[in-house]
Amino acid sequence: MSKRENQILQLLKRDPFIQQQEIADILGISRSCVAGHIMNLSKKGYIKGKGYILSNDVYAVTIGAANIDLTSYTHAKLVYEDSNPGKIISTPGGVGRNIAQNISLLKNESYLISVIGNDPNGKTLFEQTKSAGVNIKYLYKLDGEKTSICNSLIDENGKCVVSVNDMNILEKLTPTLLSQSKSLIQHASVLVVDCNLTEKALEWVFNHAGNVPIFVDTVSRSKAPKIRHWLSHIHTLKPNRTEAEVLSGIKIETQQDAANAAHWFHHRGVQRLILSMDAEGVYYSELDDTSGCSHAINTNIINANGAGDAMMAGLVHCWLEDMDLKDSIRFAQQCSALTLSSENIDIFPKNRSYF
């Protein structure tokens, strides 16, 4: 499927009765061009009949943060309390937005539910997320609000030394606003949630997701505790070592410690635990006693920001492709490694095979 055909297909899934001229106006192409693409989609089996009856309705929904990332890189060893030569770049970011974009770049239908300000940063996020193929129908532009910004300092080893975020706008992603996407959420193939959401928003999601499998990114040590009382609602939990320790109270230093922590999470209802063990790789465990450790991929680390988001996107892609857990972990690690080796968080070439 071509990029243009995929864009048209997403519009048809959003509104099966949309007019061809309306599609043309949205995409900036002629109506006759739209008609040709729709004919091709019909021949390929994506459209089955009148009213644009579509074939398999498989899609992922991600709910979380969307922000502008300001990232500062030092050219040499970081010197505290002094001016450091380096470079500063601005890129689209936010855990939820990054995940949704990477899910789309892995050629899956991807929806993002989030909030941005109706300001220059918000317009940048909106356009770049849309151009990546993410369905942004529920990416709300809020008048009078400031789009989230995250400012990170990366040292000479590619490690984030400190990060400051201004994300007050996420308090506006309320249960009332989320309820507008209730039907979309309840018919999704998988739902991804990041812990940047407020506790009230998380409560609404867990209470209204129905039987949709929920994948959770804990985000940080300070935000992970928000989901402590909702572990029984989580299908796949992806914390790092510190976040898992905060939730479980178990010190994790060895693979046996990781196994003990996994047992703790499973006992509380989590079906799959994907635990980042830093240089030791990833410990994974499923409720049916499938478990193991996948060694780390040797990577030239340029920027660790966004690597976890890419890994989550890889896990979602593998879930949609019905891959087994062991293969899913390795695929997701490859996605993460690609991001670690780049300044950008969305570096998946669109015509490349990853597994």
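Just so it is clear, the structure is predicted and the values come from calculations on it, not from any experiment. (Residues numbered from 1 in each chain as written. Predicted model: local features only at pLDDT ≥ 70, side-chain atom pairs only at ≥ 80, totals over all residues. Heavy atoms only, no water.)

1. Overview of the overall build of the chain
From N to C terminus, the chain includes 12 helices and 15 strands. The C-alpha radius of gyration computed for the chain amounts to 20 Å, which stays within 12% of the reference 20 Å derived for 355 residues, consistent with globular compactness. Overall, the chain is about 60 × 50 × 40 Å in size when its C-alpha atoms are taken along their principal axes. The 355 residues of the chain split such that 52% are buried. Sequence separation of at least 24 residues holds for 63% of the intrachain contacts in the chain that already meet a minimum separation of 6. On the chain, roughly 16,400 Å² of surface is accessible, and the fraction owed to carbon and sulfur atoms is 48%. Computed over 35 positive and 37 negative side-chain charges, the inter-centroid distance for the chain is 6 Å. (Helix = DSSP H or I, 4+ residues; strand = E, 2+ residues; numbered from the N terminus. Rg over C-alpha atoms; globule rule 2.2 N^0.38 Å. Buried < 20%, exposed > 50% of the residue type's maximum accessible area, 1.4 Å probe, protein only. Contact = heavy atoms within 4.5 Å. Areas by Shrake-Rupley, 256 points an atom, 1.4 Å probe, with all protein chains shown as cover. Lys, Arg positive; Asp, Glu negative; His and termini not counted. Charge placed at Lys NZ, Arg CZ, Asp CG, Glu CD.)

2. Here we look at the packing of helix α4 (residues 95-105) against helix α11 (residues 307-320)
Relative to each other, α4 and α11 sit at 45°, their axes nearing to 8 Å. With respect to α11, the element α4 is oriented oblique. Considering only the axes of α4 and α11, their crossing is right-handed. For the pair formed by α4 and α11, the contact residues are V95, N98, I99, N102 and I103 on the first element and D309, A310, M312, A313 and V316 on the second. Taken together, the residues of the contact of α4 with α11 break down into seven nonpolar, two polar and one charged. (Axes fitted to C-alpha atoms, helices over the stretch in contact; angles between N-to-C directions. Parallel < 35°, antiparallel > 145°, perpendicular 65-115°, else oblique. Left-handed = near helix turned anticlockwise from the far one by under 90°. Nonpolar A, V, L, I, M, F, W, Y, C, P; charged D, E, K, R; others polar.)

3. Considerations on the sheet that holds strand β15 (residues 291-294)
With respect to topology, nine strands assemble into an open sheet ordered β7-β6-β3-β10-β11-β12-β13-β14-β15, the strand pairing being mixed. In this open sheet, the two strands that pair with only one neighbour each are β7 (139-142) and β15. Neighbour to neighbour, the strand axes of the sheet diverge by 15° on average, direction disregarded. Here strand β12 (residues 236-238) pairs with strand β13 (residues 272-276) via two bridges, running parallel. Its bridge partner lying in β13, T236 is registered against R272. The strands touched by helix α10 (residues 255-267) within the sheet are β12, β13, β14 (282-286) and β15, with β14 carrying the most contacts at an inclination of about 35°. (Pairing = 2+ DSSP bridges.)

4. Here we look at the pairing of strand β8 (residues 148-154)
Taking every second residue as pointing to the same face, the buried face of β8 carries S148, C150, S152 and I154, while none of I149, N151 and L153 on the other face is buried. Pairing geometry for strand β4 (residues 67-74) and β8, over seven bridges, is parallel. Paired with N67 across the bridge in β8 is S148. Taken together, the six bridges between β8 and strand β9 (residues 160-166) define a ladder with antiparallel strand orientation. Residue pairing across strands places L153 opposite V162, the latter belonging to β9.

5. A few points about the environment of N40
For N40, the location among the structural elements is in helix α3 (residues 31-43). Spatially, the C-alpha atoms of N40 and S294 are 42 Å apart, while their sequence positions differ by 254 residues.

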